[in-house]
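Observations on the model geometry
Listed here are the chains, written in short residue letters.
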2 protein chains.
Amino acid sequence: MKPVYIAGTGMTQFGKLHEPLIDLLVHAAQGALSESEHLSPDAIYVGLMNPEGFVGDSNFAAWLTDRLGLSGVPAMRVEATSSTGAAVLHEAFQAVASGNVKRALVVAGDAMTHLPTRKVTQLLSQVIAAKDRQAGATMPALAAMVTQRWMHDAKLSEEDCRRALMKVAVKNHDMGQFNDRAQFRKPISEEKYFDSRMVSSPLCLYDCAPITDGAAAMLLTSEPTDIRIWGIGQGTDTLSMTDREELTSFRSTRAAAIRAYNMAGRGPQTIQFAEIHDAFIPFEVLSLEDTGLMERGTSAQAELDEITHIKGKLPTNISGGLKARGHPVSTSGLAQVIEAVSQMRGQVDKQVQIKKTGMALCQSTGGLFNQSFVTILGKPRARKAPIEPETVEQLHVPERLSLLNGKRPRRQTTGVVETFTYLNAPAEGFPAPMLLALVNTKGGNHIIARGDPERPVEIGQTVHLKKIEASGEGGPYYFTDDAERVKQGEVSVKMLDRKPKGALSQVKDFLSGSSLKTHYFAVKRKKKSS
Amino acid sequence: MKPVYIAGTGMTQFGKLHEPLIDLLVHAAQGALSESEHLSPDAIYVGLMNPEGFVGDSNFAAWLTDRLGLSGVPAMRVEATSSTGAAVLHEAFQAVASGNVKRALVVAGDAMTHLPTRKVTQLLSQVIAAKDRQAGATMPALAAMVTQRWMHDAKLSEEDCRRALMKVAVKNHDMGQFNDRAQFRKPISEEKYFDSRMVSSPLCLYDCAPITDGAAAMLLTSEPTDIRIWGIGQGTDTLSMTDREELTSFRSTRAAAIRAYNMAGRGPQTIQFAEIHDAFIPFEVLSLEDTGLMERGTSAQAELDEITHIKGKLPTNISGGLKARGHPVSTSGLAQVIEAVSQMRGQVDKQVQIKKTGMALCQSTGGLFNQSFVTILGKPRARKAPIEPETVEQLHVPERLSLLNGKRPRRQTTGVVETFTYLNAPAEGFPAPMLLALVNTKGGNHIIARGDPERPVEIGQTVHLKKIEASGEGGPYYFTDDAERVKQGEVSVKMLDRKPKGALSQVKDFLSGSSLKTHYFAVKRKKKSS
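Residues numbered from 1 in each chain as written. Chains lettered and ligands numbered in written order. Predicted model: local features only at pLDDT ≥ 70, side-chain atom pairs only at ≥ 80, totals over all residues. Heavy atoms only, no water.

Quick notes on the overall build of chain A
Regarding its fold elements, chain A presents 19 helices and 16 strands. By residue count, 67% of the 530 residues in chain A fall in the buried class. Sequence separation of at least 24 residues holds for 75% of the intrachain contacts in chain A that already meet a minimum separation of 6. Counting every atom, chain A has about 18200 Å² of accessible surface; 50% of that belongs to carbon and sulfur. (Helix = DSSP H or I, 4+ residues; strand = E, 2+ residues; numbered from the N terminus. Buried < 20%, exposed > 50% of the residue type's maximum accessible area, 1.4 Å probe, protein only. Contact = heavy atoms within 4.5 Å. Areas by Shrake-Rupley, 256 points an atom, 1.4 Å probe, with all protein chains shown as cover.)

Right, dumping it as structure tokens:
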């Protein structure tokens, strides 16, 4: 493969911008072209997640090409949910590495803040498996269940867990105040963190990245510059968290990291600073381990010990991260790499200038680690540091998934709670609060089920399951710790909702009409083709 | 670049399938993997256009990977409106050509028929520039205006024009009856063609490809097989047809073809058969010229002379084309290449087996030629046929576009009709019939304006323009041949609509709420960022 270098970069302010998406893309792209002394690209890669849903327009690749005065230049859109910014970089990298393209302009952007939060939550929830979405799962709820399980496995008290998360949130906000592109430029105090409202237990407001508008752009070229992309790798994992063997370490990130290190010919020990996808604060902690930058089980302590701080051994998210810089979903993966470039080129506020910037790692993820990307960039003359021979781990189908594939799950009656969350900010059409649990059923399947938010629950507890009437195959279920109430039919959807409206009609409201239609269609009118 | 070969292919039946989109993708992918003797791919490329809008789900790359038992394998989505199938092939090609990927599985699919036609028209219209969409333009209306202009420039009578189109439509339906994957498997008679209803003058029902469900897949590999992809190229053109210098020849196709021929090192004279994007029948005629397969101005006669028939010199769309095989919008670009492979491998009905299948050209387009792709495939040992030194034509900004970029268009008062159509199947929220014209205004801008469908109109006619009240900058306008009526305020939106409801509220209905909001937001609250 031909070596690939980074020329100019461009990025808009992140925040509530009140500007049309196309203008954001144009501003970022013009910035990158101008910083590249107007070298002309011979391909344009645009990263966008559901612009049709967010702003009602399509055909942005051609539109942007027009607006840049580059009409005629090949242009294409790439999408990989919330790792779209990294995915579009990956595609442009391959285009240049193949020799088919000399210079590729990479652009990504989002306009999200003009929509109500619940509408944004609903649009983002389309990435979640339908069966989990029907049970009421949202991205924060899934992240919260991961965190709850991590707390349990690491034998942390809720207080210790939240203290570690607080340290990361405070650090990222502290750093964000020096980034003039960041959405939030004020530090937060420990008190403010602990006083903030619970979004989905144990995650509070300051554990969750905000809704953000913004765009980013970069020119990749085969002509040598001061920064080379040494390695780039991707991995995927099952759509539903319920089909995984592990809940607190993510195969997609591990695979992406191994691929990137192998391509770079340089291992984790060469990395001097990192930008990690902290859409939820615990993801920074977990992904530092999955990228091999920290030993498994050590990163929470490392965060407490300030190893990830600007003066620590591995400065992490010194840009403010997704948490403080903001998280335009299609853009973050590319913005991270631009932040690393800014550090390497000394373009940051001197108070947050990292000393050793020879080699950086950026990690971005889409959905609940359905996709992960790892990008390694550094000086073109970086010394080679041979890594232990490592290969991407055997790509095997998780047992649970292969069991389920093509088979209808049986009705479930009892199971054991693997993790749970109390969700206070549900998607459109669901009541608040909701109790959600990932239940390992007697039949060996895992499902996300709804419980009574007034009842306590714990990991390892045995619960009874009942299908919510008239729902499609696979769910949703509700669960209770009281078998008697199931028998007597006392556990009802109504009780869970504390609203006159039944849950199923709410599920129907939540799912878009067409999706539901397709779904039921499939059940009713199964017909072979191909 | 490494050479790229085609291993197995898979394709579902095309038509009204009553199956969830994910199942269609799985069926096609399993077909391709099974034909490839289950060689395991190390990357998956998924081509999908707006699945969020069509079926309410996202994250298909991860989902498909799951369902194929390939969880862990890098997977990504690519989109380029109705040329998505060709775009995703282009990306997978580059991945293999770069050496980063050994085998790439390419999959594309659509589920469309479960939605009402007007909803499909509205979703597909999101690819059209907002200003043209606001005036009521749909894809068939734009294609019809192109055809009307072509008829004028070629000095064809409406009868001759329709006779040439009829020949193509009858041929493609004739061929489709032998393709067991085709949506329509019945020949149509000349009478049936001429008796069919007018969709948008001069295009009738049999000039337009149908709404279709279907999926296609292909495994690309760096390991030699019996078929090599010799060349692949893309080009773009302005988002709005009003910004172009030519209306009947498309720069995107010309650029894509030149790029593909140059990569292949083989010119148009080596092509033995073709699959051309006949979403509208006249596109087959025009694209045969833009791809260099026929001299400019000769293809209508060539169609009449049956040169594109199975026994002609250049058999074209012997698969039935998009017209008879059906047009799942994300899929067609990949399906075309699979049809060419089927011919080369002798997998078609012997009644439609082309004799010379050494080298084929496939052309796919997105939007109104906003994007075009050309793919050249053939035997790995195809003789080299040096082409005349050709370079991609200078990528210049059309004058009109550069004039407009960043400037607000002035209010327009008069102009000359460049082309027009009477549209009988408008998008949701618009009345039928509508008269639409592309008007070259006194100020040198081109706009699409609405006229009185009860009045006659012709190319070259001078018309008076009036802005539809309260509409955003740029449009929509209406036009009339009667200056007096404009002066006296008699030309009203009401008159055009023949409905009590004003056009602007209808425009508002048509545009999704969010788009409109963004649009007006931008006008009212312009604020600089970046």
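That shown, we press on.
Brief notes about the packing of helix α4 (residues 84-97) of chain A against helix α14 (residues 332-344) of chain A
All names here are of chain A. Between α4 and α14, the least distance of the axes is 4 Å, while the angle of their chain directions is 70 degrees. It follows that α4 is roughly perpendicular to α14 by the angle criterion. Contacts between α4 and α14 involve Gly-85, Ala-86 and Leu-89 on the former and, on the latter, Gly-333, Leu-334 and Val-337. Counted by class, the contact of α4 with α14 contains four nonpolar, two polar and no charged residues. (Axes fitted to C-alpha atoms, helices over the stretch in contact; angles between N-to-C directions. Parallel < 35°, antiparallel > 145°, perpendicular 65-115°, else oblique. Nonpolar A, V, L, I, M, F, W, Y, C, P; charged D, E, K, R; others polar.)

So, helix α3 (residues 60-67) of chain A
Residues and elements named next belong to chain A. The element α3 is extensively covered by neighbouring structure, given that seven of its eight residues are classed as buried. Where α3 is concerned, the buried positions are Phe-60, Ala-61, Ala-62, Trp-63, Leu-64, Thr-65 and Asp-66. Looking one or two residues beyond α3, the residue adopting positive phi is Gly-69, at roughly 70 degrees.

Regarding the pattern of salt bridges
Counting across every chain of the model gives 40 salt bridges over all chains. The closest approach of N and O atoms between Arg133(A) and Asp57(B), which form a salt bridge, is 2.4 Å. Separated into two different chains, Arg133(A) in helix α6 (residues 130-134) and Asp57(B) in the loop between α2 (51-55) and α3 (60-67) make up a pair that spans both. Accessibility expressed as a relative area gives 8% for Asp57(B), which makes it buried. Note that Lys171(A) is salt-bridged to Glu284(A), the shortest N-O span being 2.7 Å. A residue pair is termed long-range when its members are at least 10 positions apart, and Lys171(A) in helix α8 (residues 158-176) and Glu284(A) in helix α11 (residues 281-290) qualify at 113 residues. Across the pair, exposure class does not vary: Lys171(A) and Glu284(A) are buried alike. (Salt bridge = Lys/Arg side-chain N within 4 Å of Asp/Glu carboxyl O.)

Side note on the nonpolar core
Counting 86 residues, the largest nonpolar core has Leu64(B), Leu105(B), Leu142(B) and Leu368(B) as its most contacted members. Apart from the residues lying within four places of it in its own chain, the contact partners of Leu64(B) are Ile22(B), Leu25(B), Val26(B), Ile44(B), Val46(B) and Val107(B). If you look at the next biggest cluster of nonpolar residues, it comprises 85 residues, including Ala75(A), Met112(A), Cys208(A) and Leu286(A). (Core = buried A, V, L, I, M, F, W, Y, C linked by side-chain atoms within 4.5 Å.)

Some remarks on helix α1 (residues 21-35) of chain B
Residue and element names in this part refer to chain B. Here α1 is 15 residues long and its end C-alpha atoms lie 22 Å apart, about the 21 Å a rise of 1.5 Å per residue gives. Counted residue by residue, α1 has eleven buried out of 15 residues, so it is predominantly covered. Considered for burial, the residues of α1 that qualify are Leu-21, Ile-22, Asp-23, Leu-24, Leu-25, Val-26, His-27, Ala-28, Ala-29, Ala-32 and Leu-33. Count one or two residues on from α1 and you reach Glu-37, which has phi positive near 50 degrees. (Expected span 1.5 Å × (residues − 1).)

A look at the environment of Arg118(A)
Mapped onto the elements of the fold, Arg118(A) is located in helix α5 (residues 117-125). Residues Arg118(A) and Gln347(A), 229 residues apart in the sequence, show an inter-C-alpha distance of 37 Å.

Observations regarding the packing of aromatic side chains
Per the stated rule, a full pass over the model turns up twelve aromatic pairs over all chains. Ring-pair connections join several aromatic residues into one group, and the members of that group are Phe250(A), Phe280(A), Phe283(A) and Phe369(A). (Phe/Tyr/Trp six-rings, centres within 6.5 Å; stacked < 30°, edge-to-face > 60°.)

Comments concerning the packing of helix α7 (residues 139-153) of chain B against helix α11 (residues 281-290) of chain B
Residues and elements named next belong to chain B. Orientation of α7 relative to α11, taken along the N-to-C sense of each, is 55 degrees, at an axis distance of 10 Å. What the angle tells us is that α7 and α11 run oblique. Where α7 crosses over α11, the two elements pack in a sense that is left-handed. Here Ala-143, Val-146, Thr-147 and Trp-150 of α7 come into contact with α11, specifically with Pro-282, Phe-283, Val-285 and Leu-286. Class assignment for the residues of the contact of α7 with α11 results in seven nonpolar, one polar and no charged. (Left-handed = near helix turned anticlockwise from the far one by under 90°.)

With respect to the environment of Val199(B)
Residues and elements named next belong to chain B. Tracing the chain through its elements places Val-199 in strand β5 (residues 198-200). Taking C-alpha positions, Val-199 is 21 Å from His-114, a pair spaced 85 residues apart along the chain. With residues up to four places along the chain from it excluded, the contact list for Val-199 reads Pro-140, Cys-204, Leu-205, Cys-208, Tyr-422, Leu-423, Asn-424 and Ala-425.

Some words on the confidence of the model for chain A
All names here are of chain A. Per-residue confidence for chain A averages 87 on the pLDDT scale, and 85% of its residues sit at or above 70. Taken together, the stretch residues 389-406 has pLDDT below 50 and engages in 39 contacts with residues farther than four places along the chain or on a different chain. Scored by ipTM, the complex comes to 0.88, with pTM at 0.89. (pLDDT = per-residue confidence, 0-100.)

A word on the pairing of strand β9 (residues 273-276) of chain B
All names here are of chain B. Here β9 shows a buried face lined by Phe-273 and Glu-275 and a second buried face lined by Ala-274 and Ile-276. Where β9 and strand β10 (residues 359-366) come together, four bridges link them in parallel fashion. By the bridge assignment, Ala-274 is partnered in β10 with Leu-361. (Pairing = 2+ DSSP bridges.)

Thoughts on the side chain of Thr65(A)
One can find Thr65(A) in helix α3. Setting aside its immediate chain neighbours within four residues, Thr65(A) contacts Ile44(A), Leu70(A), Ser71(A), Gly72(A), Val73(A), Ala75(A) and Thr236(B).

A few points about unusual backbone geometry
Of note, the amide linkage connecting Ser201(B) to Pro202(B) takes the cis form, showing an omega dihedral of 5 degrees. Tracing the backbone through its elements, the reader meets Pro202(B) in the loop between β5 and β6 (203-204). Between Ala432(B) and Pro433(B) the backbone carries a cis peptide bond, its omega angle lying at -5 degrees. Here Pro433(B) lies in the loop between β12 (414-423) and β13 (434-441). A positive phi angle is found at Glu306(A), which is not glycine, with a value near 65 degrees.

Some details on the side chain of Arg149(A)
All names here are of chain A. Mapped onto the secondary structure, Arg-149 falls in helix α7 (residues 139-153). The exposure class of Arg-149 is buried, given its relative accessible area of 18%. With sequence-adjacent residues up to four places away left out, Arg-149 is seen in contact with Leu-247, Thr-248, Glu-418, Thr-419 and Ile-459.

Some remarks on the pairing of β13(B)
Residue and element names in this part refer to chain B. When you tally the buried positions in β13, you get seven out of eight residues, the bulk of the element. For β12 and β13, the ladder comprises eight bridges, and the chain directions are antiparallel. By the bridge assignment for β13, Thr-421 is matched with Leu-436. Here β13 runs beside strand β14 (residues 446-451); their pairing, made up of six bridges, is antiparallel. Residue pairing across strands places Ala-437 opposite Ala-449, the latter belonging to β14.

A look at the environment of Gly297(B)
Relative to the helices and strands, Gly297(B) is located in the loop between α11 and α12 (299-304). For the pair Gly297(B) and Val285(B), spaced twelve residues apart in sequence, the C-alpha separation works out to 9.5 Å.

Observations concerning the state of the cysteines
Residue and element names in this part refer to chain B. Summed over the entire model, instances satisfying the criterion amount to zero disulfides over all chains. A disulfide-free cysteine, Cys-161 has its sulfur positioned 10 Å from the sulfur of Cys-204, the nearest such atom. Cysteine Cys-208 remains unbridged, with the sulfur of Cys-204 as its closest cysteine sulfur at 7.2 Å. When its relative accessible area of 11% is taken as the criterion, Cys-208 is described as buried. (Disulfide = S-S within 2.5 Å.)

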